[in-house]
Amino acid sequence: IQRIRRQFAQDLGLLVPSVHLRDNLRLEGGEYSVLIRGERVAFGKVYARQFLAIDPGDAKGPLRGIKTQDPVFGLEGCWIPDSQRMAAQTAGYTVVDVATVITTHLTEVINQYGYELFGRQQLAAVLERVAEANPRLVEELVPEPLSRASVLKVFRNLLREGVSIRDAQTVLEALSDHATRLKDPDVLTEFVRQRLARHITHRYSDDKGVIHYIGLAPDAEDAISAGLHGGEGGAMNLTLDPNDARKLLTSLRASAERWRGSSDVVILCPPLARGPLRRLTEKVAPRVPVISPAELLPTVRLERVTAVSLRNPPVDRAS
């Protein structure tokens with residue numbers, strides 16, 4: 001757990017509060033639950049001195065053991081004794097011990113809910129740190145023209161989508177550039193993301209510097225463009241025909257699930273549609289990032305793995 005907390009501080013700039021461990025007699029043997037502010041957000045069950053064999057999708061042959069699902073990704077799995085571990089690995093299963101199951105689940109919980117843990121106290125510490133090096137930047141931004149609540153929302157928006165806030169000075173500089181004419185935190189977040197193009201590009205590139213993406217076919221892009229409309233404060237909203245929305249979400253999720261590359265696959269869309277499309281896909285494909293070309297360095301190499309259409313099945317090809 002200490003290693004997980006250090007990793008989040010290094011990767012995202014998020015200082016995860018202390019994780020308290022305690023026994024709960026209302027849980028059965030091997031069961032565990034994760035609570036945030038007293039409310040359960042995750043649950044699982046492990047078996048002592050057993051190993052979880054997970055089928056990544058191409059494992060060969062069934063295993064003898066206790067059938068289950070991986071608590072993080074929902075993949076089919078099986079709890080097996082140590083004597084079957086080598087055979088399971090040879091058959092193509094991913095085999096992990098109990099500690100790895102729990103810590104992986106905890107990591108996913110923090111990835112999903114970590115933005116809630118970034119509060120006013122952590123924001124105050126960030127502002128104080130930046131003020132030591134650049135006091136005028138903070139003085140000219142908070143509380144006017146931008147309130148602490150709005151700045152907090154921007155930082156939480158970034159963390160919610162896995163964007164690092166370690167470079168807090170760049171975040172505040174981007175806010176300072178636009179806060180005099182824009183107040184909506186969601187709109188401001190989009191401009192901050194564009195300023196963090198170097199981080200976002202490196203975050204989703206593979207070892208060869210390539211970003212693999214799911215693209216939008218012309219009919220899907222046209223439907224999204226037609227459904228965009230401005231709201232208060234410059235915010236963009238997306239309204240799609242229910243059938244088009246269902247087809248789009250189904251195709252995007254299916255395309256992401258078919259991806260077997262070593263790096264993340266992302267959804268690439270026009271800049272104005274990025275925020276609204278992310279809010280649309282968040283519930284069906286929460287682990288699939290949505291980015292726009294404006295958030296990427298111009299030198300990045302892009303490879304399309306599929307093109308999602310509202311009329312035809314996705315077309316798999318690189319471009």
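The notes below deal with the structure included here.

### What about the overall build of the protein?
Reasoning step 1: Helices and strands together make up the secondary structure of the protein, namely 12 helices and 12 strands.
Reasoning step 2: Relative to its length of 319 residues, the protein is compact, with a C-alpha radius of gyration of 22 Å against a globular reference of 20 Å.
Reasoning step 3: In terms of overall dimensions, the protein has a C-alpha envelope of 65 × 50 × 40 Å along the principal axes.
Reasoning step 4: In the protein, which comprises 319 residues, the proportion classed as buried is 44%.
Reasoning step 5: Considering only residue pairs separated by 6 or more positions, the protein has 66% of its internal contacts joining residues 24 or more positions apart.
Reasoning step 6: Summed over its atoms, the accessible surface of the protein is roughly 17800 Å², and 50% of this surface lies on carbon and sulfur atoms.

### Some words on the packing of aromatic side chains
Reasoning step 1: One pass over the structure, following the stated rule, counts 2 aromatic pairs.
Reasoning step 2: Centre to centre, the rings of phenylalanine 118 and phenylalanine 155 are 5.6 Å apart; their planes meet at 10°, and the pair counts as stacked. One end of the pair, phenylalanine 118, is in the loop between α3 (98-117) and α4 (120-133); the other, phenylalanine 155, is in helix α6 (residues 148-160), and 37 residues separate them in sequence.
Reasoning step 3: Given a relative accessible area of 1%, phenylalanine 118 falls into the buried group.

### Here's the deal with the side chain of glutamate 295
Reasoning step 1: On the secondary structure map, glutamate 295 appears in the loop between β11 (290-291) and β12 (301-308).
Reasoning step 2: Within the structure, the side chain of glutamate 295 is placed 3.3 Å from the side chain of arginine 274, a separation counted as a polar contact.
Reasoning step 3: Those residues in contact with glutamate 295, other than ones at most four positions away along the chain, are Glu190, Arg193, Gln194, Ala197, Ile200, Thr201, Arg274 and Val290.

### Overview of the pattern of salt bridges
Reasoning step 1: Applying the stated criterion across every chain yields a total of 16 salt bridges.
Reasoning step 2: Between arginine 274 and glutamate 190 there is a salt bridge; the shortest N-O distance is 2.8 Å. On the criterion of sequence distance, the pair formed by arginine 274 in helix α12 (residues 271-281) and glutamate 190 in helix α8 (residues 185-195) is long-range, its members being 84 residues apart. For the pair formed by arginine 274 and glutamate 190, the shared burial category is buried.
Reasoning step 3: Between arginine 203 and aspartate 264 there is a salt bridge; the shortest N-O distance is 3.1 Å. Taken together, the positions of arginine 203 in helix α9 (residues 197-204) and aspartate 264 in the loop between α11 (242-258) and β10 (265-268) put the pair 61 residues apart, joining distant regions of the chain.
Reasoning step 4: With a relative accessible area of 39%, arginine 203 lands in the partly exposed category.

### Section: the sheet that holds strand β5 (residues 76-80)
Reasoning step 1: Here we have 4 strands laid out as an open sheet, ordered β4-β5-β3-β6, and antiparallel in their pairing. Edge positions in the sheet fall to β4 (66-69) and β6 (94-96), since each has one partner strand and no second. Ignoring which end each strand starts from, the neighbouring axes of this sheet average 30° apart.
Reasoning step 2: As paired elements, β4 and β5 share 4 bridges and run antiparallel to each other. Looking at the pairing, lysine 67 lines up with cysteine 78 of β5.

What counts, and where the lines are drawn
Residues numbered from 1 in each chain as written. Predicted model: local features only at pLDDT ≥ 70, side-chain atom pairs only at ≥ 80, totals over all residues. Heavy atoms only, no water. Helix = DSSP H or I, 4+ residues; strand = E, 2+ residues; numbered from the N terminus. Rg over C-alpha atoms; globule rule 2.2 N^0.38 Å. Buried < 20%, exposed > 50% of the residue type's maximum accessible area, 1.4 Å probe, protein only. Contact = heavy atoms within 4.5 Å. Areas by Shrake-Rupley, 256 points an atom, 1.4 Å probe, with all protein chains shown as cover. Phe/Tyr/Trp six-rings, centres within 6.5 Å; stacked < 30°, edge-to-face > 60°. Polar contact = N/O pair within 3.5 Å; in protein donor to acceptor, adjacent residues only side chain to side chain. Salt bridge = Lys/Arg side-chain N within 4 Å of Asp/Glu carboxyl O. Pairing = 2+ DSSP bridges. Axes fitted to C-alpha atoms, helices over the stretch in contact; angles between N-to-C directions.

Bear in mind that shape data such as this cannot, by itself, settle questions of function.
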